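# Breakdown of the fold
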Amino acid sequence: MREPDLDLQQPVGDQVRQTTCYMCACRCGINVHLRGDRVRYIEGNPAHPVNRGVLCAKGSAGILQHYSPARLDKPLLRVGERGENKFREIEWDEALALAAGWLSEARERDPDRLAFFTGRDQSQALTGWWAQQYGTINYAAHGGFCSVNMAAGGLYTLGGSFWEFGEPDWEHTKYLVLWGVAEDHDSNPIKLGLGQLKGRGAKVVAVNPVRSGYGAIADEWIGIRPGTDGLFAFALIHELLKADRIDLDYLVNFTNAHWLVVDNPGGADDGLFARDAEGRPLCWNRDLASVGAAPAEGTGLNPAVVGEYTLPDGRRVRPAFHLVARRYLDPQYAPEAVAERCGVPAATIRRIAAEIAAAAFDDPVVIEQPWTDMHGRRHERMVGRPVAFHAMRGISAHSNGFHTCRALHLLQLLLGAVDTPGSFRYQPPFPRPIPPANRPGKSRQADGALDAAPLGFVHGPEDLLVDADGQPRRLDHAYSWRYPLAVHGMLHTVIRNAWAADPKPVDVLMLFMANMSWNSAMNTAETMHWLTDKGDDGQYRIPRIIYSDAYSSEMVAYADLVLPDTTYLERFDAISLLDRPISDAERAADALRHPVLDPATQREGRDVRGFQSVLLDLGARIGLPALVDDDGTPRYRDYADYIVRHERAPGVGLLAGWRGDGSQHGKGAPNPAQLERYRENGGFWSADVPAAGRYFKMANRDYLAWSQSMGFIARAEPVVLQLYSETLQKFRLAAQGHGPVLPPEAERDRVATYFDPLPMWYEPFEGARLEPGRFPLSAVTQRPPFMYHAWGSQNAWLRQIAARNYLYLHPETAARHGLADDDWVHVDSHHGRITVPCRLAGNVQPDTVWTWNAIGKRRGAWKLAADAPEATRGFLLNHLISDQLPGGDYANADPVTGQAAWFDLRVSLRKAGAGEESHPQFAPLGDNPDTTPLRYGAGFRRAGP
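Just so it is clear, the model here is predicted, and its values are computed rather than measured.

### Thoughts on the overall build of the protein
From N to C terminus, the protein includes 27 helices and 34 strands. Its C-alpha atoms give the protein a radius of gyration of 27 Å, within 12% of the compact-globule value 30 Å for 945 residues. Per-residue burial for the protein yields a buried fraction of 65% across its 945 residues. Across the protein, every contact between residues at least 6 apart in sequence was considered, and the portion connecting residues at least 24 apart equals 70%. Accessible surface computed for the protein: about 31800 Å², of which carbon and sulfur atoms make up 48%. Taking the 100 positively charged and 114 negatively charged side chains of the protein as two groups, their mean positions are separated by 2 Å.

### Digging into the environment of glycine 792
Relative to the elements of secondary structure, glycine 792 occurs in the loop between strand 29 (777-782) and helix 24 (796-799). Through-space distance from the C-alpha of glycine 792 to that of isoleucine 246 is 45 Å; in sequence the pair is 546 residues apart.

### With respect to the sheet that holds strand 27 (residues 587-593)
Ordered in space as 26-27-28, the three strands form an open sheet in which the pairing is antiparallel. Sheet topology places strand 26 (573-575) and strand 28 (684-688) at the edges, where each strand pairs with a single neighbour. On average, each strand axis in the sheet is inclined to that of its neighbour by 10°, with strand direction left out of account. Bridging between strand 26 and strand 27 involves three bridges; their strand directions are antiparallel. Following the sheet pairing, alanine 574 is matched in strand 27 by leucine 592.

### So, the side chain of glutamate 870
The topology assignment puts glutamate 870 in helix 26 (residues 869-872). The exposure class assigned to glutamate 870 is buried, which follows from its relative accessible area of 0%. Residues in contact with glutamate 870, not counting those within four places in the same chain, are Ser793, Arg799, Ala803, Ile855, Gly856, Lys857, Leu864 and Phe875.

### Observations regarding the pairing of strand 29
Of all six residues that make up strand 29, six are buried, and the element is covered over most of its length. Alternating residues of strand 29 divide into Leu777, Ala779 and Thr781 and Ser778, Val780 and Gln782, and every residue in both groups is buried. Here strand 29 runs beside strand 34 (residues 906-911); their pairing, made up of two bridges, is antiparallel. Looking at the pairing, leucine 777 lines up with valine 907 of strand 34. Across five bridges, the pairing between strand 29 and strand 33 (residues 848-852) is parallel. Bridged to threonine 781 within strand 33 is threonine 851.

### Some thoughts on the packing of helix 3 (residues 92-109) against helix 17 (residues 611-621)
Here helix 3 crosses helix 17 at 55°, and the two axes come no closer than 9 Å. Looking at the two axes, helix 3 sits oblique to helix 17. Relative to helix 17, helix 3 is oriented so that their crossing is right-handed. Between helix 3 and helix 17, the contacting residues are Trp92, Leu96, Ala97, Ala99, Ala100 and Leu103 on the first element and Val614, Asp617, Leu618 and Arg621 on the second. Along the lines of polarity and charge, the residues of the contact of helix 3 with helix 17 split into eight nonpolar, no polar and two charged.

### What to know about the pattern of salt bridges
Using the criterion set out here, one finds 72 salt bridges in the structure. The shortest N-O distance in the salt bridge between lysine 534 and glutamate 81 comes to 2.9 Å. Here lysine 534 is found in the loop between helix 16 (524-532) and strand 24 (544-549), whereas its partner glutamate 81 is found in the loop between strand 4 (76-78) and strand 5 (87-89), with 453 residues between them in sequence. For glutamate 81, a relative accessible area of 35% puts it in the partly exposed group. Two residues, aspartate 463 and arginine 439, come together in a salt bridge whose shortest N-O distance is 3.0 Å. Separated by 24 residues along the polypeptide, aspartate 463 in the loop between strand 22 (424-426) and helix 15 (494-500) and arginine 439 in the loop between strand 22 and helix 15 bring together distant segments of the chain.

### Focus on the side chain of asparagine 149
Inspection of the secondary structure puts asparagine 149 in helix 5 (residues 148-155). A polar side-chain atom of asparagine 149 sits 3.4 Å from the main-chain carbonyl oxygen of histidine 398.

Conventions and cut-offs
- Residues numbered from 1 in each chain as written.
- Predicted model: local features only at pLDDT ≥ 70, side-chain atom pairs only at ≥ 80, totals over all residues.
- Heavy atoms only, no water.
- Helix = DSSP H or I, 4+ residues; strand = E, 2+ residues; numbered from the N terminus.
- Rg over C-alpha atoms; globule rule 2.2 N^0.38 Å.
- Buried < 20%, exposed > 50% of the residue type's maximum accessible area, 1.4 Å probe, protein only.
- Contact = heavy atoms within 4.5 Å.
- Areas by Shrake-Rupley, 256 points an atom, 1.4 Å probe, with all protein chains shown as cover.
- Lys, Arg positive; Asp, Glu negative; His and termini not counted.
- Charge placed at Lys NZ, Arg CZ, Asp CG, Glu CD.
- Pairing = 2+ DSSP bridges.
- Axes fitted to C-alpha atoms, helices over the stretch in contact; angles between N-to-C directions.
- Parallel < 35°, antiparallel > 145°, perpendicular 65-115°, else oblique.
- Left-handed = near helix turned anticlockwise from the far one by under 90°.
- Nonpolar A, V, L, I, M, F, W, Y, C, P; charged D, E, K, R; others polar.
- Salt bridge = Lys/Arg side-chain N within 4 Å of Asp/Glu carboxyl O.
- Polar contact = N/O pair within 3.5 Å; in protein donor to acceptor, adjacent residues only side chain to side chain.

Given below as structure tokens:
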């Protein structure tokens, strides 16, 4: 019997407008149904390339995000003390004059006296450029406490990365391993992909201390101990090497496995690649007609991948793969040697290794599509290894996370499972050169602007931002000898260092959507102290704080000047290929977020402005070089005008679609009608990768030429994947006293230890520094699939799913501590104590406890009622997490990238007496009536269809 044809997308209002969701980082396309100037319904856009009509609970609840009682209405000027949440409303003219005055004064003294840090803003292409024009090196976004390990580990190894910049080959993968994946990033594409895999019978393995969300539908859950994923990966590599189940052809064709590494202990060239007079890396050619050293990237070679050789100049060399095999075949990486530490039985490790090998090598994927590599060789088919990995915060939020990320990439490379059919795939504009070309800005030009954007990629010690004594120049200590590859900056260190004037004072701290006094803070209580502390002169040690947000978050109370942002339904945003693209493996894509509602009509007396437009206005008021024309007038009317007319390079703007006369894509002159074309197309643009260029992108002639034509890369050159990192070895050599730029003596051992050119594993720092056995449990958070950061847990509809959280622990752990469901428990770390309710759950590794992230709120914030369960019984693990390591000598962070080590937290448990409130509690930020519109939409029902 034929199913009836149903029209499931009938308008339910006067009109439907299409824009981009902002309820998480997924950036799905949405249809917003309006009745007059009110939202009636939000649904997924079936034509959108990200979600294809699928929408999650968060996206649907965007209605209540827009109508939140916590929306800010007017600019606010502090009238009480910081933290008292006492303000008076002012008009925009006064607010902008104040902000411009403060910013001008700081820039005249020293542009670095502005610290400009943003949270989950999705507009870093603008904010980073603005900071460059201002001339401050003290800029970063939230990635330093979120995903910098993932970005740096991938970009310095593959020229791309996990997270939202690559994806499994959902159509062809036969074996997928999810490493530390929560449900908050890229969620709808992952759900769609998992549906495909389950429908085809592919196996899904989830490696995570907690089994929730995607892990709950996985075929197998590996309940690993936190921080040991890299050790588990090395055991898998050990087994593959022992069994000779690796793809040597792939390694020689696409990686530096055969490049010769100099073996000269103590020498200035030790561990560097041997190169010819033209700087080309060498391999050892075994071809009988020309045995000896030859350029490694040539054709017609038969290169050695193991062995020791002597160059004509007498230097000893070994292929990089030889070093890989020598290290990971060591018995210390055998399954039996790592099983206890990982919490994974040796038999399980061996079985997973065998299953991965069987999937990769016994049943390869073959696509009948000819392609040509960058050496001009034609390949009649695309043959790939159908094993794919996807990884997220669970592996990155550790002090050993950078090397863990590199360990996973090494495992992929040995399998030949990067951008081949069935494996992990790059999403345009990736892959990029390794490392990417743009270095961080270091010096100022005559007009005061930095010579480059504040964030970039270090190629060697010469790119660090350190003074003549080797000490940090940046406020967050990024790009210093302490955290050299901090490519996203280090937002989690900013408040302490601003308070301490380390390395020098700041005059203005400007934050956007960064809830640094609460759920974005390590060390919450002390952070609140730093924000309010005064010096002997009676003045705040952080002199001025400007904060912009759409809602009355906990951070608002600590600002001197509050600039109210719009909700996402009232604003412009460019979801840009210059920033966080929405591409998939087979197409480049970007999108527009544009106002579907006028903020002036949404609540009486409300006067808010999009922060991006405000930032451009402020830049013009203080005369920043690229923000004013020659006559001093503002160059850009607002953010929408900037999106259209700004060019990062000739022909390259924030949006890639419909450029020039409307027929050009990727590159082209600005098109005044561009935004309208986006609106007509549902708010997005996409361009298909050529069929012959969809795999092997790192060496595919068609893809690289297309990528260059679109403006993604400067030159169509192959990207050689890096098993062995010469960039890291340069730092190690500097630590050994070689080169013109050397670390201070106090940093040399640390740099020499952690800048290993091959992936390594070490005990996460917090646990390694604590007294053995005192804090025996790991404590982590999971991102709820139904909420995102702190935004979601103020949303009336989402609060009905969960308005409080519990500490979840394994029944065996509970029994050891005499705990039962709903008991209260003291949770202690080396830094502090929380007292919270607990629940028993079998979905957690027994040596780990966990809770949902960011549900706990401070009383009076977010316009929640004074007795809201989020504040009375909800809690944060943040109160237990120190921003510094035990001993206080370094940030609680990865030593390579500066990534905040949120998941290194170690705790102990003790049963507490019956309680009514979680602890600690802090003074309320106001006593708000319960105005939550739980029954939003009732008026529509009364009014009829």
